[in-house]
2 protein chains.
Amino acid sequence: MKWDALEEEPCSLARTVAVIGDRWSLLILRECFLRIRRFDEFQASLEITRHLLADRLKKLVRFGVLRRVPYQASPKRYEYILTQKGLDLYPIIMSIVHWGNIHMVDSRGRPMLHEHKTCKKLFDPVMICSECGVPLTAKAVHVHPGPGARQSSPMHAKAQERAKART
Amino acid sequence: MKWDALEEEPCSLARTVAVIGDRWSLLILRECFLRIRRFDEFQASLEITRHLLADRLKKLVRFGVLRRVPYQASPKRYEYILTQKGLDLYPIIMSIVHWGNIHMVDSRGRPMLHEHKTCKKLFDPVMICSECGVPLTAKAVHVHPGPGARQSSPMHAKAQERAKART
DNA sequence: GACATAAGTTCTAATTTAGAATTATATAGA
DNA sequence: TCTATATAATTCTAAATTAGAACTTATGTC
């Protein structure tokens, strides 16, 4: 499957993966949320080649996640700032960081702590149901095809049957 | 930067990206949460080459996200099931799907709908603060270095100063 | 005996990424 | 004027990764 095909898949995960599903994009976005904005700043804090950095920034701009904004007229210089669409990636970034905090830290402990300005406490993110407020687990969620669904493959259906039989 | 270096970074995001930060791993995990377990089922529902699928499954097993379990003795056959560490990826998957639902769907609408078995309603995931329960936004969070932190680079510090000046 | 199933492995060609060097445009100083 | 610096890239070659197809192994079935 080509990258371009991913964008067209009738699947919200696949389409999001087309935007952020490579390691550099996620690391660049981490920097964005840490207030990094300029080409050379990204390049200094990530050990990314200039080539790839230019490419990924272009991609993120094309998808509307970043906006390329002039900050100086002569010579023309630009910085890359998060759009609302980009800011909306925050739960993804936070849940990735949180999983790493739980499952990937070494003996020295967490590299970063998060403080909620609203309540002034160190916190972890918790994902809840918008309707009843209960924390979500995979087993408590049932998936239905929506209006944008595609027929699932025969093998997929077969696997679903086996899954049901297991329950 | 090599993939192996990512795992060693003093950053929970980078370390998680080392595990799930490529498109195939995320798509494979999507299938896992949809109850797909067997090699040929993965291969049929994703248009992945057998080569890469074998490679990625091995990686996910190595990281403890999947477990390779025999389901038939002769000939020996295995299936791949999520460990608790793997199940804990659910908030990441859900937040990725949700962002796609908001920002990437076409006119036909969402490919999938989620029903919460607990309250029996269609829902969206919401990320809240573990301490005060308020929904999280990037701007309401302040980041501190934790015990596992590394000194940030001079350029990073410079960028942070500029960020402060902007506020 | 021929064919089918499941879970891979192996091979070559195409694509992507790494790493270093170079370009473009303008400012600042000797 | 000449030289050096800053910022944001682009270009080049070599190395690594991925795509796509064919092959392997160990049964079980018609």
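For the structure itself, look to the data block above.
Since we're looking at a predicted model, the values are computed, not measured. (Residues numbered from 1 in each chain as written. Chains lettered and ligands numbered in written order. Predicted model: local features only at pLDDT ≥ 70, side-chain atom pairs only at ≥ 80, totals over all residues.)

Caption draft 1: Fine view of the overall build of chain A. The helix and strand tally for chain A stands at eight helices and six strands. Radius of gyration (C-alpha) of chain A: 20 Å, far over the 15 Å computed for a compact globule of 167 residues. Burial analysis of chain A (167 residues in total) assigns 35% to the buried set. (Helix = DSSP H or I, 4+ residues; strand = E, 2+ residues; numbered from the N terminus. Rg over C-alpha atoms; globule rule 2.2 N^0.38 Å. Buried ≥ 20, exposed ≤ 12 C-beta atoms within 10 Å, placed from the backbone.)

Caption draft 2: Molecular detail of the protein's contact with DNA strand C. With respect to spatial proximity, 18 residues lie near DNA strand C, and among them Thr49 and Pro75 of chain A together with Arg38, Arg50 and His51 of chain B are the closest. Looking at the surface near DNA strand C, the elements with two or more residues in it are helix H5 (50–62) of chain A together with helix H4 (39–45), helix H5 (50–62) and strand S2 (77–82) of chain B. Taken together, the residues of the surface near DNA strand C break down into seven nonpolar, four polar and seven charged. (Near = placed C-beta within 6 Å. Nonpolar A, V, L, I, M, F, W, Y, C, P; charged D, E, K, R; others polar.)

Caption draft 3: Representation of helix H3 (residues 23–33) of chain B within the structure. Residues and elements named next belong to chain B. When you tally the buried positions in H3, you get nine out of eleven residues, the bulk of the element. Among the residues making up H3, those that are buried are Arg23, Trp24, Ser25, Leu26, Leu27, Ile28, Leu29, Arg30 and Cys32. Backbone geometry just downstream of H3 places Arg35 in the positive-phi region, at approximately 80 degrees.

Caption draft 4: Examining the protein's contact with DNA strand D more closely. Lining the immediate surroundings of DNA strand D are 18 residues, of which Phe39, Arg50, His51 and Ala54 of chain A together with Thr49 of chain B lie closest. Taken together, the elements giving at least two residues each to the surface near DNA strand D come down to helix H4 (39–45), H5 and strand S2 (77–82) of chain A together with H5 of chain B.

Caption draft 5: Highlighting the nonpolar core. By size, the foremost hydrophobic cluster in this structure holds 72 residues, and its most contacted members are Ile93 of chain A together with Ile93 of chain B. Not counting residues up to four positions away in its chain, the partners in contact with Ile93 of chain B are Leu13 of chain A together with Leu29, Arg30 and Phe33 of chain B. (Core = buried A, V, L, I, M, F, W, Y, C linked by C-beta atoms within 7 Å. Contact = placed C-beta atoms within 7 Å.)

Caption draft 6: Region of the structure containing the interface of chain A and chain B. Facing 87 residues of chain A, the contacting portion of chain B comprises 87 residues. Residue composition of the side of chain A that touches chain B, by class: 49 nonpolar, 21 polar and 17 charged. With five bridges joining them, strand S5 (residues 125–129) of chain A and strand S5 (residues 125–129) of chain B adopt antiparallel strand pairing. Along S5 of chain B, the bridge assignment pairs Cys129 of chain A with Pro125 of chain B. (Pairing = 2+ DSSP bridges.)

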